[in-house]
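Commentary on secondary and tertiary structure
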Amino acid sequence: MTVRTRYAPSPTGVPHVGNIRTALFSYLLARRLGGQFILRLEDTDRARLVPDSIPKISESLQWLGLDYDEGPDIGGPYGPYTQSERLDQYQAAARRLIEQGDAYDCWCSSERLDAVRAEHQRLKQPPQYDRRCREDAGQAQAKREAEAEGRSPVVRFKTPREGTVTLEDPIHGSTPFDVATIDDFVMLKSDGFPTYHLAYIVDDDAMKITHVIRGDEWIPSAPRHLLIYGALGIEPPVLAHAPRILGPDGAKLSKRHGATSVFEYRDEGYLPEALFNFLGLIGWSLDDKTEIISKAEFIEHFSLERIVRNPAIFNAEKLQWMNGVYIREVIPEPDLVTMFVDRLEADFPPEIPRPIDRQLVAHVVPLIKERVKLLSEVPAYCDFFFTDNLSWSKEELLGKAYAGRPADAKAALGAVATSAVDVTWTHDDIEAALRSLADKLGAKAGDLFSLVRVAVTGKRVTPPLFESMEILGRERCLERLSQAASLVS
RNA sequence: GGCGCCAUCGUCUAGGGGCCUAGGACGCCGCCCUUUCAAGGCGGAGAUCGCGGGUUCGAAUCCCGCUGGCGCUACCA
């Protein structure tokens, strides 16, 4: 039997990093075992539906590199892959369960349900449905009331009053549950839509899903699911409950903790490869030391059994470090050039002419790749290559070394320009020339370099000076030197 | 209230009875390198393995209890 896993989010927004990690695990498992990974939309809650989140979900998956084999947008042999288009199947399953005596119509109003729940709570009893409609008499009465008010029924599962069901989970082992603590939960809502419990089971069965990986908040619901599988005569898939990802304060990861959606990470300049690596190592590890691991290696080694049980706090600093590793060590330079070009095109102010010179970027990449951790830092690091419109201030130019000595600074700048005229324009020769010039001027090399750095780049923090000057070219450097000189006087 | 899950450095984790005076990584601190910023190299601090009982010659590892954190207890997923 071929392994099939799925990611089945409800379209309520852009996927969350915490949530999408279960997709990543599902993807890895499918690829590891040579099966299929599919996307399905669980849009059965019309109240929470956010329509434009649907393309965002597929875009998030694609961006992260979680390519799926079947899905709402690409189809597949078991479609449709959107639950709102499969209503007849859930209704048929519910009908069948009613006919079998495993479910029943419940006509109770939500007002009554609330009252029952409140009463149970007041008496410190478990807040369960009181099963009024489970009995013919109660049901008949409730039905009369409901019809008078024009209400439709829900379908509830007729949970056995006693017994045990046992969840066998590859991550958690086996957990027995006493069925008596489970109430008669709703499977089909009065609007004809199923609840999660019914819908996912019917779909997974129809779509031949073999392994379900979901958050461990589902463990308490698992016995209900086991009961439905049993009543429907379905062999349950492997149910694996992965720990969740928490914010720094131990609370569920949310907006308060900073970036949470996949798009936010993309926009801040994280690389999908790095985020993939990072997420894959939360709750799963290869061994005691592997930190940088490719998708191919993940696929080669992934297993459910090595997923840990405890929840993890999202360590944003480590992700940033890892992103830096990808930029400076993992991504091949030509690919990096493309990423930088795209970033610059998008982020540079409109004054800087487009298109961005790819050749120039290719020269710049080696200089800055080891000093940026995020793509978003790239423009500020190299804008002076792409515009001659520098905006230094006199104070910045003089810096600490030349503060109060503008005349000396001007003289130094002039001398640099003079010696630059006939030096061979390579970074080594430029450096040699400036060092001996510093000597001649009786200045500390570092002080002179700083002055030149600001004059040529407009900033105090830059890529290596001489390499930058080489790339900039003699003419542009001379021009900037003279502009700077006239500014300090 | 009921039911359940979880528990190793601040964080992510390795570990599955002796290899553990607990290893790696991020972060932090110091030194080195150095034209700024990074990167890199070296070193350091940091966990009585939540607590208490067992079992065992021996426990971070197995068992029980407790505590703590979290989750579920919806016509949400």
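Report on the accompanying structure. (Residues numbered from 1 in each chain as written. Chains lettered and ligands numbered in written order. Predicted model: local features only at pLDDT ≥ 70, side-chain atom pairs only at ≥ 80, totals over all residues. Heavy atoms only, no water.)

With that out of the way, let us pick up the packing of helix H9 (residues 272-280) against helix H11 (residues 316-330). Between two packed helices, what matters for the description is the angle formed by their axes and the separation of those axes. In contact at an axis separation of 9 Å, H9 and H11 are set at 135 degrees when each is read in the N-to-C sense. With respect to each other, H9 and H11 are oriented oblique. Remark: the crossing between H9 and H11 carries right-handed chirality. Between H9 and H11, the residues in contact are Glu-273, Ala-274, Leu-275, Asn-277 and Phe-278 and Lys-318, Leu-319, Met-322, Asn-323 and Tyr-326, respectively. (Axes fitted to C-alpha atoms, helices over the stretch in contact; angles between N-to-C directions. Helix = DSSP H or I, 4+ residues; strand = E, 2+ residues; numbered from the N terminus. Parallel < 35°, antiparallel > 145°, perpendicular 65-115°, else oblique. Left-handed = near helix turned anticlockwise from the far one by under 90°. Contact = heavy atoms within 4.5 Å.)

Mapped onto the elements of the fold, Ser-285 is located in the loop between H9 and helix H10 (295-301). On the accessibility criterion, Ser-285 (27% relative accessible area) is partly exposed. As for Ser-285 and Phe-302, which are separated by 17 residues in sequence, their C-alpha atoms are 8.7 Å apart. (Buried < 20%, exposed > 50% of the residue type's maximum accessible area, 1.4 Å probe, protein only.)

Turning our attention to the packing of aromatic side chains. Within this structure, the stated rule accounts for 16 aromatic pairs. For the ring pair Tyr-27 and Phe-37, a centre distance of 5.8 Å and an interplane angle of 85 degrees mean the geometry is edge-to-face. One end of the pair, Tyr-27, is in helix H1 (residues 17-32); the other, Phe-37, is in strand E2 (residues 36-39), and 10 residues separate them in sequence. For Tyr-27, a relative accessible area of 2% gives the class buried. According to the relative accessible area criterion, Phe-37 is buried, its value standing at 0%. Measuring from ring centre to ring centre gives 5.7 Å for Trp-284 and Phe-298, while their planes differ by 50 degrees; the resulting arrangement is tilted. With Trp-284 in the loop between H9 and H10 and Phe-298 in helix H10, this pair connects stretches of sequence that are 14 residues apart. A relative accessible area of 1% means that Trp-284 is categorised as buried. Three or more aromatic residues joined by ring pairs make a cluster, and in this case those are Phe-25, Tyr-27, Phe-37, Phe-276, Trp-284, Phe-298 and Phe-302. The aromatic ring of Phe-193 is capped on one face by Arg-46, whose charged end is 5.7 Å from the ring centroid. One cation-aromatic arrangement involves Arg-156 over Tyr-129; the distance from NZ or CZ to the ring centre is 3.7 Å. (Phe/Tyr/Trp six-rings, centres within 6.5 Å; stacked < 30°, edge-to-face > 60°. Lys NZ or Arg CZ within 6 Å of the ring centre and 35° of its normal.)

In this section: the nonpolar core. If you look at the biggest cluster of nonpolar residues, it comprises 109 residues, and the most contacted ones within it are Leu-66, Leu-279, Phe-314, Phe-340 and Phe-386. Aside from chain neighbours lying at most four places away, what touches Leu-279 is Val-17, Ile-20, Arg-21, Leu-24, Leu-64 and Phe-314. Formed by 38 residues, the second largest nonpolar core is a distinct cluster that contains Tyr-81, Tyr-90, Ala-231 and Ile-234. (Core = buried A, V, L, I, M, F, W, Y, C linked by side-chain atoms within 4.5 Å.)

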